[in-house]
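Structure assessment
Read off the chains here:
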Amino acid sequence: MDRQQTAAQLDVKPYWHDSSQMPRFRPLERDLRVDVGIVGGGITGLTAAYLLKRAGKTVAVIDRDRLGGVDTGHTTAHVTCVTDADLSDLVADFGRDHAQATWDAGLAAIAEIDTIVENESIDCHWDWVPGYKFAALDGDAQKEADRLRKEAAIARDLGFEVTFLDAVPFFNRPGIEVSGQARFHPRRYLAALASLVDGDGSHVHEHTESEEIVDDPLAIKAGGHTISCDHVIIATHTPLMGKTNIVSATTFQSKLFLYSTYVIAGRVPRDTVPDALFWDTADPYHYLRLDRHRDYDVVIFGGQDHKTGQADDTESCYAALQRTLTGLIPNIDITHRWSGQVIETADGLPFIGETSSRQFIGTGYAGNGMTFGTVAALMARDSVLGRRNPWDDLFDPGRTKVMAGAWDYVKENADYPYYLLKDRLTGPDGKSLRELRRGEGRILDLKGERVAAWRSPAGRVTMLSATCTHMGCEVDWNEAESTWDCPCHGSRFKPTGAVLSGPAESPLEKK
């Protein structure tokens, strides 16, 4: 494509649609009886369906168009715990525990996606990457540096691995680095989930619009047929009325604020931009990430948000993005442009939970659609199974105000699966092991001690002393051979610490 072509000359089509194939599913053609009926085939609906099927429930997912074709298909898929609202603002508005719970919810979602990708061997370009929030390109760098330094200090105090940097990579502006974030190809991920959901008493149907949700008995009317079920999950981004009355449904929808956001994407030579997530502090903010290929990278850059329907010239939004991006990367080959929609709430937290008996919704994810969408799926599963969830009260759709009072939520939820596994994700002193990829070894500084850490292909972490048992030198990770090698005298150890070759005779000490 001619590099001089502007974004305005391109058709409006998400990059994700051109770089993946979704399986096709027939419209609903008969009545069904399942445990859970799900309206919406995006990240929330399909993740909830997958989790519930794994828990032994039968499900039926319907979508009025193609799966992953609207909101999830128009995302940029930043998989992050970093919320649109500053962590300092969350602390000021809701208290320390609630702020920590909000970011923890994002980390739980990242861990869940990682587990699903590994367990189901999903090829979706999944990888752990750092996230960088940095001072706006045209802002006051010193003023923003002070704000971001405070943000990093609060995050570390709450147990998150966040570091202030005088200059973040590529943009060279003051900012913070957040470890343990991730990125993936959202439609490749959803394609795998949909195929795993369909069958064995569960169903997936496209081009099937929900016409009505009725109570007593609970059912979804769609395409002239009836899906009878014990629970309904409404996963439609902007929630349908469901079986609430029109007054309460309209009142709830008035709590949501819809914004349009714009994205352009283009090819660059490999390693032009670091593989990471980036956001600036402008209002509205810009965001950037990569989708990596063997011979090139695709840079995905977005911003220019405005309230939906309140921009006279949307083409100017694309033009502004292109000016900024080509100023950063003059040789980028712009190939795609598209817009998406984000939904915000007055207090900055999503609405996730029951809006009436046995009817569950998730919305208001703002810029955290992939993580809050997955959190909603986890919470929906727990709701159907009658389990307590750590975020039930915090994200309750019926909340009037989250009180900032004392709440030792970690202690109260210590038996929830995420918290049982959190030490394995974050390390014994809170230093993150999340950047340690499967099959990778790395020397880490944990509690002031040098540790040789290795994550197996199955995700299990082995931690060893980094000191060679021969003469006390520090071992190094051999990426090509997947061994711990001593640079002093040539001893080699397996990833688990066992001696592979001498002169060392004893294995590395387990930690």
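Residues numbered from 1 in each chain as written. Predicted model: local features only at pLDDT ≥ 70, side-chain atom pairs only at ≥ 80, totals over all residues. Heavy atoms only, no water.

Concerning the pairing of strand E9 (residues 210-214)
- Pairing geometry for E9 and strand E10 (residues 219-222), over four bridges, is antiparallel. Bridge assignment links Glu212 to a residue of E10, and that residue is Lys221.
- Hairpin connection of E9 to E10: four residues between the antiparallel strands, including Asp216 at a positive phi of 55 degrees. (Pairing = 2+ DSSP bridges. Helix = DSSP H or I, 4+ residues; strand = E, 2+ residues; numbered from the N terminus.)

Details of the sheet that holds strand E8 (residues 203-205)
- Within the open sheet, the six strands sit side by side as E8-E3-E2-E12-E19-E18. Their pairing is mixed. At either end of the open sheet lies a strand with only one pairing partner, and these are E8 and strand E18 (351-356). Ignoring which end each strand starts from, the neighbouring axes of this sheet average 15 degrees apart.
- As defined by bridge partners, strand E2 (residues 36-39) adjoins strand E12 (residues 231-234) across four bridges and the pair is classed as parallel. When the bridges of E12 are listed, Ile38 appears paired with Ile233. (Axes fitted to C-alpha atoms, helices over the stretch in contact; angles between N-to-C directions.)

Some points on the packing of aromatic side chains
- This structure, assessed with the given rule, holds 13 aromatic pairs.
- An angle of 85 degrees between the planes, with centres 5.0 Å apart, marks the rings of Phe170 and Phe171 as edge-to-face.
- The class of Phe170 is partly exposed, set by a relative accessible area of 29%.
- Since its relative accessible area comes to 8%, Phe171 is described here as buried.
- Directly above the ring of Phe164 sits Arg149, whose terminal nitrogen or CZ lies 4.3 Å from the centroid.
- Against the face of Tyr318 rests Arg337, its NZ or CZ located 4.6 Å from the ring centre. (Phe/Tyr/Trp six-rings, centres within 6.5 Å; stacked < 30°, edge-to-face > 60°. Buried < 20%, exposed > 50% of the residue type's maximum accessible area, 1.4 Å probe, protein only. Lys NZ or Arg CZ within 6 Å of the ring centre and 35° of its normal.)

As for the sheet that holds strand E23 (residues 476-478)
- Read across the sheet, four strands follow the order E23-E24-E25-E26 without closing on themselves; strand pairing throughout is antiparallel. Looking at strand neighbours, the two that pair on one side only are E23 and strand E26 (499-501), the edges of this open sheet.
- With two bridges connecting them, strand E25 (residues 492-493) and E26 associate as antiparallel partners. Across the sheet, Phe493 pairs through a bridge with Val499, a residue of E26.

Remarks on the nonpolar core
- Counting 88 residues, the largest nonpolar core has Trp103, Trp126, Phe184, Tyr189, Ile233, Trp391 and Phe395 as the members making the most contacts within it.
- With eleven residues, the single largest contributor to this core is helix H4 (residues 96-119).
- The residues touching Ile233, leaving out its near neighbours within four places in the chain, are Val36, Gly37, Ile38, Val39, Ala48, Leu52, Phe360 and Ala380.
- One finds Tyr132, Phe134, Val273 and Phe278 within the second-largest nonpolar core, a separate group that totals 22 residues. (Core = buried A, V, L, I, M, F, W, Y, C linked by side-chain atoms within 4.5 Å. Contact = heavy atoms within 4.5 Å.)

Concerning the confidence of the model for the protein chain
- Looking at the protein chain as a whole, the pLDDT averages 89, with 90% of positions reaching at least 70.
- The low-confidence segment residues 426-430 (pLDDT under 50) makes 13 contacts with residues lying over four places distant or belonging to another chain. (pLDDT = per-residue confidence, 0-100.)

Looking at the environment of Pro330
- Mapped onto the fold, Pro330 is located in the loop between helix H8 (315-328) and strand E17 (333-345).
- For Pro330, a relative accessible area of 68% translates into the label exposed.
- Taking C-alpha positions, Pro330 is 9.8 Å from Val268, a pair spaced 62 residues apart along the chain.

Structural notes on the pattern of salt bridges
- This model, assessed by the stated rule, comprises 25 salt bridges.
- When the shortest N-O distance is used, the salt bridge between Asp275 and Arg183 registers 2.6 Å. Placement of Asp275 in the loop between strand E13 (256-269) and strand E14 (277-280) and of Arg183 in strand E7 (residues 175-183) is noted, with a sequence separation of 92 residues between them.
- Judged by relative accessible area, Arg183 falls into the buried class, the value being 5%.
- One salt bridge in this structure joins Arg450 and Glu474, with 3.1 Å as the shortest N-O distance. With Arg450 in strand E21 (residues 449-455) and Glu474 in the loop between strand E22 (461-465) and E23, this pair connects stretches of sequence that are 24 residues apart.
- By relative accessible area, Arg450 is classed as partly exposed at 43%.
- Exposure remark for Glu474: the relative accessible area of 34% places this residue in the partly exposed category. (Salt bridge = Lys/Arg side-chain N within 4 Å of Asp/Glu carboxyl O.)

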